[in-house]
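# Observations on chain architecture
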Amino acid sequence: QMWAMPICVRYEGAEGTEEPPQACTLLADREGRLELPRCPGWILPNADGAGYLRFTLSSELLAKLRTDAWDALTDREKLALTDSLRAAFDNGSLPAADLYGMLEPLARSEIRNVAEAPMGMLSFAHDRLVTEAQRAAVRRLSAQLYQPVFRRLRWAPRGRAEEDGETKLLRAAVIGHLAEVAELPRVRREAAQRGQRFVGYGRRGDGEIHRDVVDANLVGTVLEVAVQDGDEAFFDHVLERFVESDDAMLRSQLLRALASTKDEGLAARARALALDPRVRVNEVWVPLGAQMGMPETREATWGFLQENFDALVERLESSAGFLPRFAGAFCSEEQAEAVQGFFQPRIAELPGGPRNLLNTLEAVRLCAAKVEAQQESARSYFGR
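A few points on the structure.

Criteria and cut-off values
Residues numbered from 1 in each chain as written. Predicted model: local features only at pLDDT ≥ 70, side-chain atom pairs only at ≥ 80, totals over all residues. Heavy atoms only, no water. Disulfide = S-S within 2.5 Å. Helix = DSSP H or I, 4+ residues; strand = E, 2+ residues; numbered from the N terminus. Buried < 20%, exposed > 50% of the residue type's maximum accessible area, 1.4 Å probe, protein only. Pairing = 2+ DSSP bridges. Salt bridge = Lys/Arg side-chain N within 4 Å of Asp/Glu carboxyl O. Polar contact = N/O pair within 3.5 Å; in protein donor to acceptor, adjacent residues only side chain to side chain.

Below, the discussion takes up the state of the cysteines. Under the defined criterion, the tally for this structure stands at two disulfides. Here cysteine 8 connects covalently by a disulfide to cysteine 24, the sulfurs 2.0 Å from one another. The sign of the 105° torsion about the S-S bond sets the cysteine 8-cysteine 24 disulfide as right-handed. Here cysteine 8 is found in strand 1 (residues 5–11), whereas its partner cysteine 24 is found in strand 2 (residues 22–27), with 16 residues between them in sequence. Overall, cysteine 8 belongs to the partly exposed group, its relative accessible area being 26%. Between the sulfur atoms of cysteine 331 and its disulfide mate cysteine 367 the distance is 1.9 Å. Residues cysteine 331 and cysteine 367 share a disulfide whose torsion about the S-S bond is about -95°; that sign makes it left-handed. Residue cysteine 331 is found in the loop between helix 15 (309–316) and helix 16 (333–343), and its partner cysteine 367 is found in helix 17 (residues 353–382); the two are separated by 36 residues along the sequence. Assigned by exposure class, cysteine 331 and cysteine 367 land together as buried.

Pasting the structure below:
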């Protein structure tokens, strides 16, 4: 089915032009042609981000948008470009090397949705696309892109400066990315120290929760880093704070922090919390989801889920049909087949189970297709 699509293109104006001009057409067929009055150095195929469309461009034209056009684009155009880059990368029409070469102006944008976009793209490369040896290159690029933003935002605003919510959310995202993907040592050290102080741990700790040590948007990050870089004694301390708390939000933050551990022994304890009566039924998803989400603990968590499937079904009762969703963290055809083989004979009677399984299998296979389309290009880029 086809429908008419109005398209307006912004392009480089003649020297001395104050505002880049635009040209429009109505695309009524599968292909169309739009004549421009001159040959521009760059084009943006969705003027002011007003069109209901996404677009792809050649490597050369993308590079021009990054080097020559970025400052001339409106905020809406930057959002439209970012959305199109992400979609084209996801469906394989934009090579990974072209995408990763475009990230610098996105990361320094003051538009939060634009500035945060490279984070997911870099995390995907780190976890799915590159070799173990190349992960250091992904971390370096992450640090290169976001350290300038961190220097601007810091851990808190200077003095008593007022901030809007978007700035606070951007700070939290930047610090989280630098700590978890870039693994910047000084950011992780500060995060771990603040995490310990938040739960009143250490020689001068009182075991109380101190919410004033960090902005509320950063609590999750500092607690997770503190657990990952801490020892078993700290793990036990956080677990005690979790058990004694009745605050739903705080319990979720503490439980997610416990489940973020990558230590083999502590990770086994974190997974076991899913069947611990001290964990509420609506909290069961937290430890399993967090452990499945990390490459270091994913296979062990998949084994735990299979071994304890009946106990989890009994514990979750009417919501057990969502269990296949945990397998959405996988990303290969072989894993999709293993997931289908395990769940298919077990979930027919669970509410929503068959539908959740089909959705999960589709997600895993789409991820696998994305890896197949982008892996070679990503490895070429980060292997330079």
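Next, the rest of the story.
Turning our eyes to something else, we now look at the pairing of strand 1. Of all seven residues that make up strand 1, five are buried, and the element is covered over most of its length. Pairing geometry for strand 1 and strand 2, over six bridges, is antiparallel. Paired with valine 9 across the strands is alanine 23, a residue of strand 2. Relative to strand 3 (residues 43–44), strand 1 is paired through two bridges, and the arrangement is antiparallel. Each residue of the ladder has a partner; that of tyrosine 11, found in strand 3, is isoleucine 43.

This next bit is on the pattern of salt bridges. If you walk through the whole model with that rule in mind, you get 24 salt bridges. Salt bridges here are not isolated pairs; linked through shared partners, they connect Arg10, Glu19 and Glu77.

The next subject is the sheet that holds strand 3. A sheet is described by the order of its strands in space; here three strands give the open sequence 2-1-3, paired in antiparallel fashion. Two strands close off the open sheet at either side, each with one partner strand: strand 2 and strand 3.

Our focus in this paragraph is the environment of glutamate 283. Looking at the secondary structure, you find glutamate 283 in the loop between helix 12 (264–272) and helix 13 (285–293). Measuring from C-alpha to C-alpha, the distance between glutamate 283 and arginine 256 comes to 9.6 Å, with 27 residues separating the pair along the chain. Looking at glutamate 283, its side chain comes within polar contact range of the side chain of arginine 251, at 2.8 Å.

Looking now at the environment of arginine 140. Here arginine 140 shows up in helix 6 (residues 135–153). With a relative accessible area of 56%, arginine 140 lands in the exposed category. Distance from arginine 140 to leucine 184, taken between C-alpha atoms, is 9.1 Å for residues 44 residues apart in sequence.

Let's shift gears to unusual backbone geometry. Trans is the prevailing form of peptide bonds, just as negative phi is the prevailing case for residues other than glycine. Within the chain, glutamate 183 stands out as a residue other than glycine whose phi angle is a positive 55°. Given the relative accessible area of 35%, glutamate 183 is considered partly exposed. Positioned with a positive phi, glutamate 317 is a non-glycine residue whose angle comes to about 55°. When you line up the elements, glutamate 317 lands in the loop between helix 15 and helix 16. On the accessibility criterion, glutamate 317 (59% relative accessible area) is exposed.

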